[in-house]
Amino acid sequence: MYKDKISNLQSKYVALHIGLFWGIGVFIIKNDDHVKVKLDDEKLFEQLTVNQNINNEFIVKRIKFINQLIAQRKLKVEYELIQQENNLAKKTLDAKELKTKND
């Protein structure tokens, strides 16, 4: 739906929103749970942890939805900034990107 329509940063917000929503939907994340979110993008980390003005309506809406889920489920969320090479999804994402380029 969003392919070639949003930036990499915007896509990370979509992924975070979907991940939280999915985790709640399949009962991996329950009300009042403590959730550690590991982020490999410094800008994303700063936007979520520091109350700064964001001039991107798409991102503002995603943050609103993410914060709604957190508030509704009374989650205790801790954001952690990690190095990109320590992202467990990186190998899978790199393989999918390579496959897409070769198709």
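All of these numbers come straight from a predicted model, not from anything done at the bench. (Residues numbered from 1 in each chain as written. Predicted model: local features only at pLDDT ≥ 70, side-chain atom pairs only at ≥ 80, totals over all residues. Heavy atoms only, no water.)

A. Spatial organisation of the packing of helix α1 (residues 8–25) against helix α3 (residues 57–72). As a packed pair, α1 and α3 sit with axes 10 Å apart at the nearest point and diverge in direction by 20°. For the element pair α1 / α3, the angle class is roughly parallel. Handedness of the α1/α3 crossing: left-handed. Of the residues in α3, those in contact with Leu9, Gln10, Tyr13, Val14, Leu16, His17, Leu20, Phe21 and Ile24 of α1 are Phe58, Ile59, Arg62, Ile63, Phe65, Ile66, Leu69 and Ile70. Among the residues forming the contact of α1 with α3, the class breakdown is 14 nonpolar, two polar and one charged. (Axes fitted to C-alpha atoms, helices over the stretch in contact; angles between N-to-C directions. Helix = DSSP H or I, 4+ residues; strand = E, 2+ residues; numbered from the N terminus. Parallel < 35°, antiparallel > 145°, perpendicular 65-115°, else oblique. Left-handed = near helix turned anticlockwise from the far one by under 90°. Contact = heavy atoms within 4.5 Å. Nonpolar A, V, L, I, M, F, W, Y, C, P; charged D, E, K, R; others polar.)

B. A look at the environment of Val60. Along the chain, the position of Val60 falls in helix α3. Spatially, the C-alpha atom of Val60 lies 9.7 Å from that of Tyr13, the residues being 47 residues apart in sequence.

C. Spotlight on the packing of aromatic side chains. Within this structure, the stated rule accounts for zero aromatic pairs. Between Arg62 and the ring centre of Phe58, over which it is positioned, the NZ or CZ distance is 4.2 Å. (Phe/Tyr/Trp six-rings, centres within 6.5 Å; stacked < 30°, edge-to-face > 60°. Lys NZ or Arg CZ within 6 Å of the ring centre and 35° of its normal.)

D. Representation of the confidence of the model for the protein chain in the model. The predicted model of the protein chain averages 88 in pLDDT, with 89% of residues at 70 or higher. When mean pLDDT is compared element by element in the protein chain, strand β2 (residues 76–81) scores highest at 97, while helix α4 (residues 90–102) scores lowest at 67. (pLDDT = per-residue confidence, 0-100.)

E. Main features of α3. Relative to the 22 Å expected for 16 residues at 1.5 Å per residue, α3 spans 22 Å between its end C-alpha atoms, a close match to the ideal helical length. What α3 keeps buried is the set Phe58, Ile59, Arg62, Ile63, Ile66, Leu69 and Ile70. Down the axis of α3, the buried side of the element spans an arc of 130°, and every buried residue falls inside it. Turned more than 90 degrees from where α3 packs its buried face, Glu57, Ala71 and Gln72 sit exposed. Residues of α3 that are buried make contact with α1, α2 (42–49) and β2. Residue Lys74 follows α3 closely and has a positive phi angle near 55°. (Expected span 1.5 Å × (residues − 1). Buried < 20%, exposed > 50% of the residue type's maximum accessible area, 1.4 Å probe, protein only. Arc of directions from axis to C-beta.)

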